[in-house]
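Survey of secondary and tertiary structure
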Amino acid sequence: MKFILKTLPITVLVIGAMARPFTPEDLVQTNRLGDTAVSPGSTAVAYIQSQYSIDSKRQTTKLIVQSLSDSNYFNGKSVEVVIHSADARVNPPKDSADEKSESDAESDSLKKKLKPSQPVWLSDSVLGFVAPDKSSCGSTLYAVSQRKGRWSKPHPLVSMPVPISSVQFSPESGILAFIASVYNGTSTLEETADIDRQEKERADTAQVHEDLWVRFWDTYMSPKLPQIHTLKLVSTSDNSLKPKGQPRNIIKDTTADGRLEALDSFVLSPNGLQIAFVAKKPSIEYAWKTTSYVYLADVDGSAAVPINPDNVGSSSSSIPSFNHDGTKIAYVQISSSSNWAGRGQIKIYDIAAKTTVNIASDWDRSPAQVEWADASTLLVMYPEYGRIKLAKVDIATGDVTPIISKHAVGSFKVLSGTDKLLINYSAFDSPSDLYTVSTDGSNLARITDTNPTLGKDVALSVPEDVEFVGADNATIHGFLLRPPQFDETKKYPLAFIIHGGPQFSFSDAWSLQWNQNIFASAGFVTVALNPQGSTGYGQEFIDAIRNQWGGKPYDSLMMSLEQLLEAHPYIDRNRMAVLGGSYGDFMVNWINGHTDVFKALVNHDGMFSTVGTYYSIDILFLFENDFEGKPFDSEARKNYERWSPERFVQNWKTPTLVIHSEKDYRLATTEGLGTFTALRRQGIPAKLLYYPDENHV
């Protein structure tokens, strides 16, 4: 069935005595939406849903098919096609339920043994999904088919000797496309698997690096390159599919040395004979330049060429999108190779004419996703004023017309043959669910209900928009959440949360990180603001943080805090805490050196020294842009030292919780240890919470 809603929020502030507070345990155990895939006829959507149980310590992963039509074989219902459950502990005990004898395993349903991921429709009645092969360390594409609403057992369709991702299929051409990481110079996936097996036999684990990046996010760079492969699937006499030939690497011959990395994902043309993808050539410049190109290739790899070869001084390109007849490609291009948060320009490339035009050139927003609605209209998703909106863009005029303006659209898909879109939609008080909506913004209909108890049995607070006047007389926007069963006559502590990025923003979206309802439900008035550097308020506002890390954003936050306290006297000035992660934690350390108005600080995966961080961070382009150079350049060195929290540790007074993770390769563990050392060596109360196997989250 469908749940028809006019607007979000799905949940409301529950004041009744029966609703209990929202806890960290609730957050950890919410059902989470994963990959989605729409059937060719737009009659159903397949999606991955996962959930962790604290009691059982097990992670359950489901492949679910949900009807998008009341008249198809599902009768408007959802079906759990594959269900997998496994012990989620890093080192499960020997007596774990996952440790089974061969005979026990053989007696289990195959649907329960396979961990599904990456759903892909092979036809309107046949659904594929990928599951890892533990014995070979590879992947297998399985298929399930339905007949009159009943699904078959999974059967293996294609087995790969290496892991694969971003799986797509074109029913028109029979081409299966996917990304596999391979060693340069290899011709087959089996060669890469052989090298992997040889590597495991080594007596040492030493690595040799010549170029930057050495590591990224939470992983040291591998000599393997993520590259796109294609494989032809053909029909059999019993109307199933089978592979014809071997997977073909369509990227390796694009450059003379074969070194080209596919980024993010890719898209097949409507006829399934071409692939458009974004790629970057590995080089020593990787860490300080964000330049990437959009390539167009035949599925046999015979003509992989960049459609934007003049992009030498530009930044990243977005995942491209073919128009409905496959003659044009839309994508987004950032203009500067060093400013990763520069304005994204919508572009359309004409394949036959080999020409490119800019669309909506005067629009001061940066789309995160672009798709075609029809020949004259694009669809874009973009941040604006604390929301993530969905809009139509008129190609001829550049006019932008919002479709969804409230809360947050996480992603969207065009439902072919209809005037509707499938969107992933959430809010501060509502986890992500799938909805359909007409392209004119009407008929918003909820398709899934992944967490029905939230907002009913569990209280969630509804956010309020707040605005203050900050540095340079700028408007500082953000959100305020009151505790459940709020009483204005009482005094409440304040949780003042600062976002990371710094070119990021708090949006009215559900999040597993820094979920504001956790703090509100714990009894805090919770405030999350978007100072200079935040996205969604225009490019000038974003760029205002350049060489101002501890300047304008700090001034705006402190000015806003004072206005907040004046406007909301129920906030207890003597019980205020500030919390931040990444850049937010830079600001926490900066605050500790410049004011003592807060009684407690939370420092999460943050920065102690700007100079030291430059030499260990994985994205040099962020620092070289924001501090206007490199610390070994004399003028830029002044900027780094000016904004380094380490310079002001002698002023620190406030008790601090320091949190850091060993696999944080964005801001190295030494930054957290430096903060903790500076606090404890001065006798300031502090605790260090250390995660040996977590990353920068």
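Residues numbered from 1 in each chain as written. Predicted model: local features only at pLDDT ≥ 70, side-chain atom pairs only at ≥ 80, totals over all residues. Heavy atoms only, no water.

The next thing to look at is the sheet that holds strand β12 (residues 165–170). Paired through their backbone hydrogen bonds, the strands of a sheet run either parallel or antiparallel. An order of β12-β13-β16-β17 is seen for the 4 strands of this open sheet, with the pairing classed as antiparallel. Edge positions in the sheet fall to β12 and β17 (241–249), since each of these pairs with one other strand and no more. Averaged over all pairs of adjacent strands, the angle between strand axes in this sheet comes to 30 degrees, irrespective of strand direction. The pairing of strand β13 (residues 175–183) with strand β16 (residues 224–235) spans 9 bridges and is antiparallel. (Pairing = 2+ DSSP bridges. Helix = DSSP H or I, 4+ residues; strand = E, 2+ residues; numbered from the N terminus. Axes fitted to C-alpha atoms, helices over the stretch in contact; angles between N-to-C directions.)

We now examine the pairing of strand β28 (residues 387–394). Note that strand β27 (residues 377–384) and β28 share 8 bridges and pair antiparallel. Bridging across to β28, valine 380 finds its partner in alanine 391. Where β27 hands over to β28, the hairpin turn is made up of 2 residues, of which tyrosine 385 adopts a positive phi near 50 degrees. As paired elements, β28 and strand β29 (residues 400–404) share 4 bridges and run antiparallel to each other. What sits directly across from valine 393, in β29, is valine 400. Counted along the chain from β28 to the antiparallel partner β29, the turn is 5 residues long, and its residue glycine 398 has a positive phi close to 80 degrees.

What follows is about the confidence of the model for the protein. For the protein, the mean per-residue pLDDT works out to 92, and 93% of the residues sit at or above 70. Counted against residues more than four places away or in other chains, residues 1–16, with its pLDDT under 50, gives 51 contacts. (pLDDT = per-residue confidence, 0-100. Contact = heavy atoms within 4.5 Å.)

On to the nonpolar core, then. One finds Leu494, Phe496, Trp549, Leu561, Met587, Phe598 and Phe623 to be the most contacted residues of the largest nonpolar core, which totals 52 residues. Not counting chain neighbours up to four residues away, the residues in contact with leucine 561 comprise Leu494, Phe496, Met576, Val597 and Phe598. (Core = buried A, V, L, I, M, F, W, Y, C linked by side-chain atoms within 4.5 Å. Buried < 20%, exposed > 50% of the residue type's maximum accessible area, 1.4 Å probe, protein only.)

Attention now goes to the packing of helix α7 (residues 552–567) against helix α8 (residues 583–592). Orientation of α7 relative to α8, taken along the N-to-C sense of each, is 70 degrees, at an axis distance of 11 Å. The angle between α7 and α8 places the two elements in the roughly perpendicular class. Residues Pro553, Tyr554 and Leu557 of α7 lie in contact with α8, whose contacting residues are Tyr583, Met587, Trp590 and Ile591. When its residues are assigned to classes, the contact of α7 with α8 shows 7 nonpolar, no polar and no charged. (Parallel < 35°, antiparallel > 145°, perpendicular 65-115°, else oblique. Nonpolar A, V, L, I, M, F, W, Y, C, P; charged D, E, K, R; others polar.)

Position of threonine 526 among the secondary structure elements: in strand β38 (residues 525–530). Given a relative accessible area of 1%, threonine 526 falls into the buried group. Polar side-chain contacts of threonine 526 include one of 3.2 Å to the backbone nitrogen of alanine 520. Looking at threonine 526, its side chain comes within polar contact range of the main-chain oxygen of phenylalanine 524, at 3.3 Å. The residues touching threonine 526, leaving out its near neighbours within four places in the chain, are Phe479, Leu480, Leu481, Ala495, Ile497, Gln516, Phe519 and Ala520. (Polar contact = N/O pair within 3.5 Å; in protein donor to acceptor, adjacent residues only side chain to side chain.)

Take the environment of lysine 244 next. Within the fold, lysine 244 resides in strand β17. Here lysine 244 falls in the exposed class, since its relative accessible area comes to 56%. In this structure the C-alpha to C-alpha distance between lysine 244 and proline 645, which are 401 residues apart in sequence, comes to 60 Å. In this structure, lysine 244 is in contact with Leu231, Lys232 and Val234, ignoring residues within four places of it in sequence.

Further remarks concern the sheet that holds strand β22 (residues 321–322). Reading across from one edge, β22-β23-β24-β25 is the order of the 4 strands in this open sheet, with antiparallel pairing throughout. What marks the edges here is a single partner per strand, and that holds for β22 and β25 (355–359). The sheet contact formed by strand β23 (residues 328–334) and strand β24 (residues 344–350) spans 7 bridges and is antiparallel. Considered in β24, the bridge of glutamine 333 is made with glutamine 345.

Turning to α8, a few remarks are in order. For α8, the buried fraction is high: 10 of the 10 residues fall into the buried class. Residues of α8 that are buried include every one of Tyr583, Gly584, Asp585, Phe586, Met587, Val588, Asn589, Trp590, Ile591 and Asn592, and no others.

When their charged atoms lie close together, side chains carrying opposite charge are able to pair. Per the counting criterion, the structure on display carries 24 salt bridges. Lysine 224 is paired through a salt bridge with aspartate 196; the nearest N and O atoms lie 3.2 Å apart. Linking lysine 224 in strand β16 with aspartate 196 in helix α4 (residues 189–200), this pair joins segments that are 28 residues apart in sequence. Judged by its relative accessible area of 22%, lysine 224 falls in the partly exposed class. The salt bridge involving arginine 573 is made with glutamate 562; its shortest N-O contact spans 3.1 Å. Of this pair, arginine 573 sits in strand β39 (residues 571–581) while glutamate 562 is found in helix α7, placing the two residues 11 residues apart along the sequence. We classify arginine 573 as partly exposed; its relative accessible area is 38%. Salt bridges linked by common partners bring Glu190, Asp194 and Arg197 together as one network. (Salt bridge = Lys/Arg side-chain N within 4 Å of Asp/Glu carboxyl O.)

The next subject is unusual backbone geometry. For residues besides glycine, phi is generally negative; the peptide bonds are generally trans as well. With an omega dihedral of 10 degrees, the bond running from leucine 212 to tryptophan 213 counts as a cis peptide bond. With respect to the helices, strands and loops of the structure, tryptophan 213 is situated in the loop between α4 and β14 (215–216). Between glycine 501 and the following residue, proline 502, the backbone shows a cis peptide bond with an omega angle of 0 degrees. Tracing the backbone through its elements, the reader meets proline 502 in the loop between β37 (492–498) and α5 (516–521). Look at lysine 57: it is not a glycine, yet its phi comes out positive at around 60 degrees. Topologically, lysine 57 is positioned in the loop between β4 (44–53) and β5 (58–67). Although it is not a glycine, glutamate 628 adopts a positive phi angle of roughly 60 degrees. With respect to the element layout, glutamate 628 can be found in the loop between α10 (620–626) and α11 (634–642).

On to the environment of glycine 128, then. Checked against the element boundaries, glycine 128 lands in strand β8 (residues 126–133). Taking the relative accessible area as the measure of exposure, glycine 128 reaches 0% and is therefore buried. Once the C-alpha coordinates of glycine 128 and glycine 149 are considered, the two residues, 21 residues apart in sequence, prove to be 16 Å apart.

Within α11, the full set of buried residues consists of Ala636, Asn639 and Tyr640. Burial along α11 is one-sided: seen end-on, the buried residues are contained in an arc of 100 degrees. Opposite its buried face, α11 presents the exposed residues Ser634 and Glu635, each directed more than 90 degrees away. (Arc of directions from axis to C-beta.)

What follows is about the pairing of β39. In terms of burial, β39 is largely enclosed, as 8 of its 11 residues are buried. Pairing analysis gives 6 bridges linking β37 to β39, with the strands arranged parallel. The residue bridging alanine 495 from the neighbouring strand is alanine 577, located in β39. Strand direction decides the pairing type here: β39 and strand β40 (residues 600–604), joined by 5 bridges, are parallel. Paired with valine 578 across the strands is leucine 601, a residue of β40. The parallel pair β39 and β40 is bridged by α8, and the resulting crossover is right-handed. (Right-handed = clockwise from strand over helix to strand, strands pointing away.)

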